[in-house]
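Take a look at the letters that make up each chain.
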Amino acid sequence: MPIQSATETVPAIVLRTRPLGESDLLVVLLTPEHGKLETAARGARNSKRRFPGGLPAGLRGLAGVARGRGSLARLERFEASADHSPVGRDLDRFAYVAYLCELTDELVLARHADALVFAALCTALAAVIEAIPRPGELRRYELALLHALGLLPALELCCVCGELALRGPDGGVAFDAQRGGVLCLAHERGALRLPGVVLAMARDLAAGGDPGPLDAGSVELRRGLRDLTQTALRAHLRRPLHSLAFFAAMSRSDAGGGA
Ligand SMILES: [Zn+2]
């Protein structure tokens, strides 16, 4: 949907900002109607009236946007709809929010509207900001994002022939991210095996299931699912995400990245 020249108020999430000139900010927003939108916020580094509390990544609210010059829209104001202050008080929350926003910014194309991605990011941000942040929320969001972008690996049917990929005697299912996901007995040659419980959990979360059982699950299950989503995502990222470095410094190393 094109942006109007008169200011229009839309739900939005701040994904990223950077300084623009001496007092302006470039603000990358995710919106349901216009997708990912690059905007210029004039005077944002000084205006407490139009941007009370600033524009931190992960902030959810209502944005006043209008058509600007060239490809940049104008961001006239931003009114937060949720309390963002817990993010500034806690390194875990900060890391989770930074990761969710950077991943979205890297993978979603500009102006590609997708209300499902917007809703999934709102849900994930609310969960990690308003409750104790847990890796299960990251996994569910990663799978929702991969699905929305058409990049979700096959989790049940062989990615070559479409037959059901059965568990072997060890309970594992052949999986090859490069080839597109799980493989049946006829096509599994040379592929690694993923535990059947990891794939079952991935299918459940991809369908929007509750991440609680994953967070309460074994280390093997949590690491298995983290490795599954990280492998699938890495194939589509142009560079390693800066925010993954935060997780390396945290006790919950199963949250993202790393070994
Ligand atoms: Zn097959």
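Here the structure is a predicted model, which means the values were calculated and not measured. (Residues numbered from 1 in each chain as written. Predicted model: local features only at pLDDT ≥ 70, side-chain atom pairs only at ≥ 80, totals over all residues. Heavy atoms only, no water.)

**So, the overall build of the chain**
Consideration 1: Within the chain one finds eight helices and eight strands.
Consideration 2: The C-alpha radius of gyration computed for the chain amounts to 20 Å, which stays within 12% of the reference 18 Å derived for 259 residues, consistent with globular compactness.
Consideration 3: Projected onto its principal axes, the C-alpha coordinates of the chain cover approximately 65 × 35 × 30 Å.
Consideration 4: Out of the 259 residues in the chain, the part that is buried amounts to 49%.
Consideration 5: When the accessible area of the chain is evaluated, it comes to approximately 12,700 Å², of which 54% is carbon and sulfur surface.
Consideration 6: Between the mean site of the 31 positive side-chain charges and the mean site of the 28 negative ones, the chain shows a separation of 6 Å. (Helix = DSSP H or I, 4+ residues; strand = E, 2+ residues; numbered from the N terminus. Rg over C-alpha atoms; globule rule 2.2 N^0.38 Å. Buried < 20%, exposed > 50% of the residue type's maximum accessible area, 1.4 Å probe, protein only. Areas by Shrake-Rupley, 256 points an atom, 1.4 Å probe, with all protein chains shown as cover. Lys, Arg positive; Asp, Glu negative; His and termini not counted. Charge placed at Lys NZ, Arg CZ, Asp CG, Glu CD.)

**Focus: the coordination of the zinc ion**
Consideration 1: Surrounding the zinc ion are the protein donor atoms Cys158 (SG), Cys161 (SG), Cys184 (SG) and His187 (ND1), which sit 2.1 to 2.3 Å from the metal.
Consideration 2: Coordination at the zinc ion is tetrahedral: its four donor atoms span angles of 98 to 113° at the metal. (Donors = N, O, S within 2.8 Å, 3.2 Å for Na, K, Ca; no water. Tetrahedral: all angles 85-135°; square planar, octahedral: opposite > 155°, others 65-115°.)

**What to know about the side chain of Arg50**
Consideration 1: Relative to the helices and strands, Arg50 is located in the loop between β3 (35–41) and β4 (60–66).
Consideration 2: No salt bridge is formed by the buried Arg50. Its closest oppositely charged neighbour is Glu76, at 4.2 Å.
Consideration 3: At a separation of 3.1 Å, a polar atom in the side chain of Arg50 contacts the main-chain carbonyl oxygen of Glu76.
Consideration 4: Filtering out sequence-adjacent residues up to four positions away, Arg50 remains in contact with Arg42, Gly43, Leu75, Glu76, Arg77 and Phe78. (Salt bridge = Lys/Arg side-chain N within 4 Å of Asp/Glu carboxyl O. Polar contact = N/O pair within 3.5 Å; in protein donor to acceptor, adjacent residues only side chain to side chain. Contact = heavy atoms within 4.5 Å.)

**A short note on the pattern of salt bridges**
Consideration 1: Evaluation of the coordinates by the stated rule reveals 14 salt bridges.
Consideration 2: The partner of Glu106 in a salt bridge is Arg238, with the nearest N and O atoms 3.1 Å apart. Pair noted here: Glu106 is in helix α2 (residues 91–107) and Arg238 is in the loop between α7 (219–234) and α8 (244–248), with a separation of 132 residues, a long-range link.
Consideration 3: Classification of Glu106 by relative accessible area gives buried; the value is 16%.

**Looking at the packing of helix α3 (residues 115–130) against helix α4 (residues 135–148)**
Consideration 1: Between α3 and α4, the shortest axis-to-axis distance is 10 Å and the interhelical angle comes to 175°. With respect to α4, the axis of α3 lies roughly antiparallel. Facing Val117, Ala120, Leu121, Thr123, Ala124, Ala127 and Val128 of α3, the residues of α4 in contact are Glu137, Arg140, Tyr141, Ala144, Leu145 and Ala148.
Consideration 2: Taken together, the residues of the contact of α3 with α4 break down into ten nonpolar, one polar and two charged. (Axes fitted to C-alpha atoms, helices over the stretch in contact; angles between N-to-C directions. Parallel < 35°, antiparallel > 145°, perpendicular 65-115°, else oblique. Nonpolar A, V, L, I, M, F, W, Y, C, P; charged D, E, K, R; others polar.)

**Examining the packing of α2 against α3**
Consideration 1: Close contact between α2 and α3 brings their axes to 9 Å; oriented N to C, the two are set at 170°. On the basis of their axis angle, the class for α2 and α3 is roughly antiparallel. Along the contact surface, α2 presents Arg93, Tyr96, Val97, Leu100 and Thr104, while α3 presents Leu121, Ala124, Leu125, Val128 and Ile129.
Consideration 2: Its residues placed into classes, the contact of α2 with α3 shows eight nonpolar, one polar and one charged.

**Some remarks on the environment of His112**
Consideration 1: Within the secondary structure layout, His112 lies in the loop between α2 and α3.
Consideration 2: Those residues in contact with His112 that sit more than four places away from it in its chain are His34, Gly35 and Lys36.

**Quick notes on the confidence of the model for the chain**
Consideration 1: Mean pLDDT over the chain stands at 92; residues scoring 70 or higher make up 97%.
Consideration 2: Mean pLDDT in the chain bottoms out at α8, which sits at 83, and peaks at α3, which reaches 97. (pLDDT = per-residue confidence, 0-100.)

**A few points about the packing of aromatic side chains**
Consideration 1: By the definition in use, this model includes three aromatic pairs.
Consideration 2: Judged by centre distance (5.4 Å) and plane angle (80°), the ring pair of Tyr96 and Phe247 falls under edge-to-face. With Tyr96 in helix α2 and Phe247 in helix α8, the pair connects residues that are 151 residues apart, well separated along the chain. The residues Tyr96 and Phe247 share a single accessibility class, namely buried.
Consideration 3: Judged by centre distance (5.6 Å) and plane angle (75°), the ring pair of Tyr99 and Phe247 falls under edge-to-face. With Tyr99 in helix α2 and Phe247 in helix α8, this residue pair connects regions lying 148 residues apart in the sequence.
Consideration 4: Look at Phe247 and you get buried, because its relative accessible area is 1%.
Consideration 5: Ring pairing ties together the aromatic residues Tyr96, Tyr99 and Phe247, which thus form one cluster. (Phe/Tyr/Trp six-rings, centres within 6.5 Å; stacked < 30°, edge-to-face > 60°.)

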